Amino acid sequence: SREIRLAARPVGVPGPETFELASTRVPRPGEGQIVVRNTWMSVDPYMREWMREEVSYAQPYRIGAPLLGSAVGEVVASRADSVPVGSMVTHFLGWREYALLDAADATVIDTTAAPAEAYLGPLGTTGLTAYATLTRVAPVEPGDVVYVSAAAGAVGSVAGQIARKLGAAQVIGSAGGPVKAKKLVADFGFDAGLDHRAAPIGAQLAEAAPDGIDVYVDNVGGDHLRAAIEALRDHGRIGMVGAISSYNSTEPVPGPDNLFKLAAKNATLRGMLVTSYLGLFPEWIERGAAWIADGSLHYEQTVFDGIDRAPDAFLGVLSGANTGKMLVRLN
Ligand code: NDP
């Protein structure tokens, strides 16, 4: 069995020296435990934050220990009646080919409703992040103009479609490069796709939404957040989901210089951490799975094959190599 360990804490952009591919024995289950052969691993931007010495909202990864992240797989050994051999489960011991865990830490999934890997994407915390943001954190009201950044990514591509379903009148997305910007409109149902690499995002947003925006799903922070505050209408709402533009920064990044405009706009800027919304999972799965089944929620994934490619997949998700959910397939 192979696993990926944190070899060194990165300074700035991580590189191959950040990771170590190591071999271990396939574990055996103790009483109440299961062994899972992981088949798909999620690759997520938050992992960059967990590589820091200090993380505000979680335990940092330990040097020399395997990385953690969501995965799905098949139970190949079990000493827990609740999760028999052959079950497909999701759990948090990704970044290794075989995982040993307490059965209570695994969730059995229904792979007749959707393929297993969808539980790492639209039917996992990715989709839940988009849903919780647009229904609870920065709720969309019918007729709203909604702006989503990193809109071709896992959270963003689902968020744009949920905004539409909740009654948004106009949905604007931004992504890196002309191909992704076009894709936002052609495949993910956005009304407009902005290319943040082509020109300053503020000017592009002002042009796409001349009368302003009501809701912003912030996956990026930095100049994207500044642009959204500028464009926000009275009583506008911002869901602060991510700040990927600063994850590789070596210095603390200042907040937007126009923050105080939120006061005059009676606006709300509200952070969200998806783990605080896990209680919404049944509601989201019921709605999201139905939209996937009837073909009205389109999702995509970018797949790297083999655990040895996982570091490349991680570097790729930070630099925009993905459309939709970034995944590693194990075999
Ligand atoms: P994505 O699939 O969106 O992948 C990340 C994308 O970010 C890249 O594809 C790239 O797209 C974009 N990006 C990278 N650097 C920049 C930059 N400097 N400026 C603009 N865009 C950039 O990842 P996820 O959907 O998994 O996550 C999206 C965001 O949501 C992240 O910030 C993540 O940390 C956050 N998140 C937060 C959660 C929470 O609980 N609060 C839960 C899940 C995710 P492009 O090519 O378009 O630039």
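Reading the values: rules and limits
- Residues numbered from 1 in each chain as written.
- Predicted model: local features only at pLDDT ≥ 70, side-chain atom pairs only at ≥ 80, totals over all residues.
- Axes fitted to C-alpha atoms, helices over the stretch in contact; angles between N-to-C directions.
- Helix = DSSP H or I, 4+ residues; strand = E, 2+ residues; numbered from the N terminus.
- Parallel < 35°, antiparallel > 145°, perpendicular 65-115°, else oblique.
- Contact = placed C-beta atoms within 7 Å.
- Nonpolar A, V, L, I, M, F, W, Y, C, P; charged D, E, K, R; others polar.
- Domains from an automatic or database assignment.
- Near = placed C-beta within 6 Å.
- Pairing = 2+ DSSP bridges.
- UniProt positions renumbered as here; feature names shortened; annotations may be inferred.
- Buried ≥ 20, exposed ≤ 12 C-beta atoms within 10 Å, placed from the backbone.
- Left-handed = near helix turned anticlockwise from the far one by under 90°.

Going by the annotation in an unreviewed UniProt entry, the name recorded for the chain is Enoyl reductase (ER) domain-containing protein, with Nonomuraea polychroma given as the source organism.

**Regarding the packing of helix α2 (residues 125-137) against helix α8 (residues 281-293)**
Two numbers describe how α2 lies on α8: the axes approach to 10 Å, and their chain directions differ by 100°. The angle between α2 and α8 falls in the class roughly perpendicular. On the side of α2, the interface is formed by Gly127, Leu128 and Tyr131, while α8 contributes Phe281, Trp284 and Gly288. When its residues are assigned to classes, the contact of α2 with α8 shows 4 nonpolar, 2 polar and no charged.

**As for the domain arrangement of the chain**
Buried accessible area, meaning the area lost when the parts come together, often serves as the stated size of an interface. According to the domain assignment, the chain contains domain 1 (2-121 + 300-329) and domain 2 (125-275). Each of domain 1 and domain 2 has a C-alpha centre, and these two points are 28 Å apart. On the domain 2 side, the residues contacting the 17 residues of domain 1 number 16 residues. For the side of domain 1 that touches domain 2, the secondary-structure elements that each account for two or more residues are α1 (46-50) and β15 (325-329). Partitioning the side of domain 1 that touches domain 2 into residue classes produces 6 nonpolar, 7 polar and 4 charged.

**Re the environment of Leu166**
Checked against the element boundaries, Leu166 lands in the loop between α3 (154-165) and β9 (170-175). For the pair formed by Leu166 and Pro200, sequence separation is 34 residues and the distance between their alpha carbons is 29 Å. Excluding residues that lie within four positions of it along the chain, Leu166 makes contacts with Leu134 and Val140.

**So, the site of the ligand**
What surrounds the ligand is a group of 29 residues, the closest being Gly153, Ala154, Gly176, Gly242 and Gly320. Residue-level mapping places the shell around the ligand at the junction of two domains, with at least three residues from each of domain 1 (2-121 + 300-329) and domain 2 (125-275).

**Considering the sheet that holds β9**
Strands sit in the order β10-β9-β8-β11-β12-β13 across an open sheet of 6 strands; the sheet is parallel. Since the sheet does not close on itself, it has two edges, and those belong to β10 (192-195) and β13 (268-271), each with one partner. For this sheet, the mean angle separating the axes of adjacent strands, direction not counted, is 15°. In this sheet, β10 lies alongside β9 in parallel orientation, the contact comprising 4 bridges.

**Some points on the UniProt feature "domain: Enoyl reductase (ER)" (unreviewed entry) in the chain**
Cross-referencing UniProt, the feature "domain: Enoyl reductase (ER)" (unreviewed entry) maps to residues 15-328 in the present numbering. Taken end to end, residues 15-328 has its terminal C-alpha atoms 18 Å apart, with 27% of it in helix and 24% in strand.

**Points about unusual backbone geometry**
One non-glycine residue, Ala150, lies in the positive phi region at around 45°. The phi angle at Asn266 is positive, at roughly 50°, despite the residue not being glycine. Counting through the fold element by element, Asn266 comes out in the loop between α7 (261-264) and β13. Accessibility expressed as a C-beta count within 10 Å gives 11 for Asn266, which makes it exposed.

**A closer look at the packing of α2 against α3**
Where α2 contacts α3, the two axes come as close as 8 Å, and the packing angle between them is 40°. Regarding the angle of α2 to α3, the classification is oblique. Remark: the crossing between α2 and α3 carries right-handed chirality. On the side of α2, the interface is formed by Thr126, Gly127, Thr129, Ala130, Tyr131, Thr133 and Leu134, while α3 contributes Ala154, Val155, Val158, Ala159, Ile162 and Ala163. Class assignment for the residues of the contact of α2 with α3 results in 9 nonpolar, 4 polar and no charged.

**Looking at the environment of Glu20**
Following the sequence through the fold, Glu20 ends up in strand β2 (residues 19-23). The class of Glu20 is partly exposed, set by 16 C-beta atoms lying within 10 Å. Spatially, the C-alpha atom of Glu20 lies 37 Å from that of Leu194, the residues being 174 residues apart in sequence. What Glu20 contacts, discounting residues up to four positions off in sequence, is Arg5 and Ala7.

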